[in-house]
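Report on the structure
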Amino acid sequence: MSFYPISQKIGIIGGGQLGKMMILEAKKLGCYVTILDPTKDCPASSICDNHIVANFSDKEAIISLANQCDVLTYEFEHIDYQSLMELEERGHKVYPSPSCLKTIQNKFTQKTILKENNICVPDFCLVNSIEEIKNVAKEFSYPLVLKSCTGGYDGKGNFIIKCEEDIEKGFLTLNPNFNMSLMVEKFVDFKLEVSVLACGGINKDIKVYPVGNNIHIDNILHKTIVPADINESSKQKAIDIAHKIIDIFNGVGMFCVEFFITKDGEVLVNEIAPRPHNSGHYTIEGCVTSQFENHIRAILSLPLGSTNLLNPTVMINLLGEEGYKGDTLVEGVIEALNIENVFVHIYGKKQTVPKRKMGHITCSMECLEQAEKNATKAYQYIKFISK
Ligand code: ADP
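Calculation notes
- Residues numbered from 1 in each chain as written.
- Predicted model: local features only at pLDDT ≥ 70, side-chain atom pairs only at ≥ 80, totals over all residues.
- Heavy atoms only, no water.
- Salt bridge = Lys/Arg side-chain N within 4 Å of Asp/Glu carboxyl O.
- Helix = DSSP H or I, 4+ residues; strand = E, 2+ residues; numbered from the N terminus.
- Buried < 20%, exposed > 50% of the residue type's maximum accessible area, 1.4 Å probe, protein only.
- Core = buried A, V, L, I, M, F, W, Y, C linked by side-chain atoms within 4.5 Å.
- Contact = heavy atoms within 4.5 Å.
- Near = heavy atom within 4 Å.
- Polar contact = N/O pair within 3.5 Å; in protein donor to acceptor, adjacent residues only side chain to side chain.
- Areas by Shrake-Rupley, 256 points an atom, 1.4 Å probe, with all protein chains shown as cover.
- Nonpolar A, V, L, I, M, F, W, Y, C, P; charged D, E, K, R; others polar.

Remarks on the pattern of salt bridges
- Evaluated as defined, the whole model comprises 16 salt bridges.
- Glu185 is paired through a salt bridge with Lys147; the nearest N and O atoms lie 3.3 Å apart. Taken together, the residues span a long stretch of sequence, with Glu185 in strand 9 (residues 182-186) and Lys147 in strand 7 (residues 144-148) at a distance of 38 residues.
- On the basis of relative accessibility, which here comes to 2%, the residue Glu185 falls in the buried class.
- Its salt-bridge partner being Glu322, residue Lys355 comes within 2.9 Å of it at the nearest N-O pair. Placement of the pair is Lys355 in the loop between strand 19 (351-352) and strand 20 (357-364) and Glu322 in the loop between strand 16 (313-319) and strand 17 (326-331), with a sequence separation of 33 residues.

And the structure:
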């Protein structure tokens, strides 16, 4: 029998909703959690044991976090990987590894590694000037997707180029100071967007979750439906690729792989996130072990839990209502919770802003259509407005 060290100390860079949901699981396993986040009343601050209030770029603060913890992780990928590499060199545990973070946080290096490993991705190319984009357009044809290689999220950092006249505008929009590296991708006329969550654990154990269909509105995830309505062959391809990606990156912890499925059943990777992901929130009520619990288990070198789906599940994001900005007020929670099998998650953000992610709803039921109906009904009740 082995002894389990109580009060293992976990440090999380980022105290948003993902950090908060990691803490909920870490506390179940008896851990002590310190977060680093510049916002005093960020979502995770209400339940962490200790909060270092500092900017993500504050090297000294990150070192102090590492010195106070047995293991470090992060809830978003736009972090200075160099600082994390230095910590790793000094013997600190950081998961997922800083070298994998370095590759993944740059969309060009990420796609290059995938291509080298024979994983299908949309055709892509690094571009340094307006002239170079014009030349790529001759090969890829329009529309093109111009992307910042680093720093993008929720579609910010992308520009769709529909014709030659859009090139200059796209280039100057994404690169106003001429200091960003940009890439161009062939536009994929996809039928569906899906994602697969996967977790790397000790002894090279890999656990993969079911495929979820993601529906975006204005580039922000709106709804995830699990299982995704795609054929078995595409499903298996996506699951195999997610498995292979954990292998390629020697992944420890949760990873999310987002895919495009074309009408011909082609499965192309759009991007990877080395962390729990919004499209994996359904796993909290929908699966035997949530993405957050498996992430915590992985970084503590504990055995991973089953990723089996308990029931078909639908997750819908709750965003700040248009026209409201200020101290948060929530409407309709009681009405939503009166609906069968509906769970409401409120992140506890003190300030609402239009389109800010404020919470989510999950509904898990034997019948997927009913789960979607119930989740949609609950979604219509809840509104994040301001006083
Ligand atoms: P972010 O990192 O900001 O989430 P993504 O690169 O994932 O940005 O792109 C956001 C959305 O833009 C995707 O979910 C998809 O709908 C669309 N998109 C991205 N790349 C392509 C592409 N090559 N072809 C078609 N649509 C794309």
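There's more to say after this.
Let's talk about the nonpolar core
- Counting residues in hydrophobic clusters, the biggest one holds 30 residues, and the most contacted among them are Ile245, Phe259, Val269 and Ile272.
- If you list the elements that add at least two residues to this core, you get helix 4 (98-104), strand 10 (190-200), strand 11 (206-208), helix 8 (232-248), strand 14 (253-262) and strand 15 (267-273).
- If you tally residues by element for this core, the top one is helix 8, at five residues.
- What Val269 contacts, discounting residues up to four positions off in sequence, is Lys111, Leu114, Ile119, Cys120, Val121, Pro122, Ile241, Ile245, Val257, Glu258 and Phe259.
- Counting residues in hydrophobic clusters, the runner-up holds 20 residues, among them Ile10, Ala26, Cys48 and Leu302.

A short note on the site of the ligand
- Taken together, 19 residues form the shell around the ligand, and within it Lys147, Gly155, Glu193, Asn270 and Glu271 come nearest.
- Contacts to the ligand include Lys107, whose side-chain N or O atom sits 2.9 Å from an oxygen atom.
- Measuring from an oxygen atom of the ligand, one finds a backbone N or O atom of Gly155 at 2.6 Å.
- Here the ligand, which alone exposes 540 Å², has 91% of that area covered by the protein.
- Mapped by element, the contributors of at least two residues to the shell around the ligand are strand 7, strand 9, strand 10 and strand 15.
- Of the residues that constitute the shell around the ligand, the class distribution is six nonpolar, six polar and seven charged.

The values are spatial; any link to function lies outside them.
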